[in-house]
Amino acid sequence: MRIHGDERLPKLLEIEDLKTQFFTSAGTVRAVDGISYDVEEGETVALVGESGCGKSVSALSVLRLIPDPPGEIVDGSVRFMGEDLLKLDDDAIRHVRGRQISMVFQEPMTSLNPVLTIGLQLTETMEHHLGLSREEATRKAAEYLDLVGIGDADRRLQQYPHHLSGGMRQRVMIAMALCCEPRIIIADEPTTALDVTIQAQILEVMKDLSNRLGVALIIITHNLGVVARYADRVNVMYAGKIIERASAREIYKNPKHPYTLGLLNSVPRLDLPRRDKLDPIEGQPPDLTKLPEGCAFRARCRFAVDRCASEVPRLEEVGGGHLSACWEKSNLRKTAEAVS
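Owing to the predicted nature of the structure, the values given are computational and were not obtained by experimental measurement. (Residues numbered from 1 in each chain as written. Predicted model: local features only at pLDDT ≥ 70, side-chain atom pairs only at ≥ 80, totals over all residues. Heavy atoms only, no water.)

### A closer look at the overall build of the protein
And step 1. For the protein, the count of helices and strands is 12 helices and 14 strands.
And step 2. The C-alpha atoms of the protein give a radius of gyration of 21 Å, which matches the 20 Å a tight globule of 340 residues would have.
And step 3. Counting only C-alpha atoms and orienting by the principal axes, one finds that the protein spans roughly 65 × 55 × 50 Å.
And step 4. Each of the 340 residues in the protein was classed as buried or not, and the buried ones make up 47%.
And step 5. Here the protein contributes 42 positive and 49 negative side-chain charges, whose respective centroids are spaced 5 Å apart. (Helix = DSSP H or I, 4+ residues; strand = E, 2+ residues; numbered from the N terminus. Rg over C-alpha atoms; globule rule 2.2 N^0.38 Å. Buried < 20%, exposed > 50% of the residue type's maximum accessible area, 1.4 Å probe, protein only. Lys, Arg positive; Asp, Glu negative; His and termini not counted. Charge placed at Lys NZ, Arg CZ, Asp CG, Glu CD.)

Structure, rendered in C-alpha cells:
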C-alpha cells in the first residue's frame, strides 16, 4: 500500500490468494491456484505464460465472468479501490464491469456482435453506464474512434464488424473499453491473429492512451517482446500459480525461475549468430486435474533437485521486490551457466 502522510492508501487493484476451479467429469481443474498481485494507478502489469496456465481465467475471475457451472471462484479476494469485488451482488458488479474495469477480449474477429452496427455497440455502454442520450453517446463514440486512430468515424459507426479489417476491429474493441473512462483495462492477448505491423500499432495505441489518460493496463500475453517493450511489472504464471514476479527490466536481466529462463531462451535474439538454435522448454504443461506433488514444473526442469519432488516452493523475495518460487533460485544463474 502507498503511504500518504499518516494514511495508508489502497492500491488500485489488489488480488490476494485467488482460486478458481472448474468441476468437470474428468476431475477438478485448479485453473487459478492461489495467485496474488496488485496494480498501481497508471501502470502496466503483464501476466505471462504458456496457454493453459490460468492467465485468462484469472482475468475473467476479476470481473466475475467465470461460467457457473462448471466454474467457481472458491477462495480469495479481489479488492478494487479497497472494495472486494467478490462480495458485491450481481447489480453492483455490473456497474463495475465496463464502467470502472473494462476488458479487451481475445480474437477481435469474434468479440464484436456481427448483427449490430459498430455505433450501436459503442453507444449502448455509454447510455447504460453514463446515462447519456443517444445523440451524446454517438458524438462521444466518434471521438473515441478518432482517438484510437480510426478515420471517417461517422461513416464507421454505421458499418458492421465484417466491414472492418482485424486491426480496425481491435481498435474498436479498445474504443469500447475506453468509452466509459475506466480506471483499469484488462487486455487479454490483444494482438492475437493480427499481423506483426498491426500488432505494434495496437500496442502503441494502448500504451499511449494509458500514458495520456492515466488508465492502468493489465496485459495478458505469451509474447515476451510485448512484455519487454510495454510492461512495468511482470507476473510469470505456470500451472495456475505465479512463479516469478519482478519489474520487466529485472525479469530480462536476472530471471530467478527456470521456467522464466526457459521462456527467454525460446525467443529469437538479434544479438546472437543466426546459426544458433533456440532452446525450447521440453515437455508439456501438467494436467491441472492431476498436479504432481512438489513443484509443478519439476518434470520439465533441468535444474530440479530432490526437494522439488516433495515440497511446493513458496513465492519468496530474492531482493529488490523480485520474487521467485524455486528452491534453486539463488543458484539458478550459476547452474544455468554450468549446464550451457
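### Overview of the packing of helix α4 (residues 118-130) against helix α7 (residues 166-178)
And step 1. Packing of α4 against α7 leaves a shortest axis separation of 9 Å and a crossing angle of 20°. In this view, α4 runs roughly parallel relative to α7, as classed from their interaxial angle. In this structure, α4 crosses over α7, and the sense of that crossing is right-handed. Facing α4, whose interface residues are I118, Q121 and L122, α7 presents V172, A175 and M176.
And step 2. Taken together, the residues of the contact of α4 with α7 break down into 5 nonpolar, 1 polar and no charged. (Axes fitted to C-alpha atoms, helices over the stretch in contact; angles between N-to-C directions. Parallel < 35°, antiparallel > 145°, perpendicular 65-115°, else oblique. Left-handed = near helix turned anticlockwise from the far one by under 90°. Contact = heavy atoms within 4.5 Å. Nonpolar A, V, L, I, M, F, W, Y, C, P; charged D, E, K, R; others polar.)

### Here we look at the confidence of the model for the protein
And step 1. Summing up the model confidence of the protein, the mean pLDDT is 87 and the portion of residues at 70 or higher is 91%.
And step 2. Element-level mean pLDDT values for the protein span from 43 in strand β1 (residues 2-4) up to 97 in strand β3 (residues 13-24).
And step 3. Predicted confidence for residues 1-8 stays below pLDDT 50, and this span has 14 contacts to residues more than four positions away or in other chains. (pLDDT = per-residue confidence, 0-100.)

### Quick word on the nonpolar core
And step 1. L145, V148, I174 and L178 are the most contacted members of the largest nonpolar core, which has 35 residues in total.
And step 2. If you list the elements that add at least two residues to this core, you get α4, α5 (134-147), α7, β9 (184-188), α8 (196-213), β10 (216-221) and α9 (224-230).
And step 3. Considering each element in turn, this core owes the most residues, 6 residues, to α7.
And step 4. When neighbours within four sequence positions are excluded, I174 is seen to be in contact with V104, V148, I202, M206 and L209.
And step 5. Of all hydrophobic cores here, the second largest spans 33 residues; its members include V96, M103, M237 and I242. (Core = buried A, V, L, I, M, F, W, Y, C linked by side-chain atoms within 4.5 Å.)

### Considering the side chain of R156
And step 1. Within the secondary structure, R156 sits in helix α6 (residues 153-156).
And step 2. This buried residue, R156, is left without a salt bridge; D152 holds the nearest opposite charge, at 5.8 Å.
And step 3. Each residue touching R156, except ones within four places of it in the same chain, is listed here: I118, L145, I150, G151, H163, L164 and M168. (Salt bridge = Lys/Arg side-chain N within 4 Å of Asp/Glu carboxyl O.)

### Looking at the pairing of strand β8 (residues 101-104)
And step 1. Across the two faces of β8 the burial is the same, with I101 and M103 and S102 and V104 all buried.
And step 2. By the bridge criterion, 4 bridges tie β8 to β9 in an arrangement that is parallel. Each residue of the ladder has a partner; that of M103, found in β9, is I186. (Pairing = 2+ DSSP bridges.)

### Let's talk about the side chain of H257
And step 1. Locating H257 in the fold gives a position in the loop between α10 (248-253) and α11 (258-265).
And step 2. Within the structure, the side chain of H257 is placed 3.0 Å from the backbone nitrogen of Y259, a separation counted as a polar contact.
And step 3. A distance of 3.1 Å separates the side chain of H257 from the backbone oxygen of A325, its partner in a polar contact.
And step 4. Non-local contacts of H257, meaning those with residues more than four positions away in its chain, are made with I243, E244, F297, S324, A325, C326 and L332. (Polar contact = N/O pair within 3.5 Å; in protein donor to acceptor, adjacent residues only side chain to side chain.)

### A short note on the environment of C301
And step 1. Secondary-structure assignment places C301 in the loop between α11 and β13 (316-319).
And step 2. Note: C-alpha distance between C301 and N235 (66 residues apart in sequence) is 19 Å.

### Some details on the packing of α4 against α5
And step 1. It is at 9 Å that the axes of α4 and α5 come closest, and there the two elements cross at 120°. Between α4 and α5, the interaxial angle falls into the category oblique. The chirality of how α4 crosses α5 is right-handed. Contacts from L120, L122, T123, M126, E127 and L130 of α4 reach α5 at R134, A137, T138, K140, A141 and L145.
And step 2. Class assignment of the residues belonging to the contact of α4 with α5 gives a composition of 7 nonpolar, 2 polar and 3 charged.

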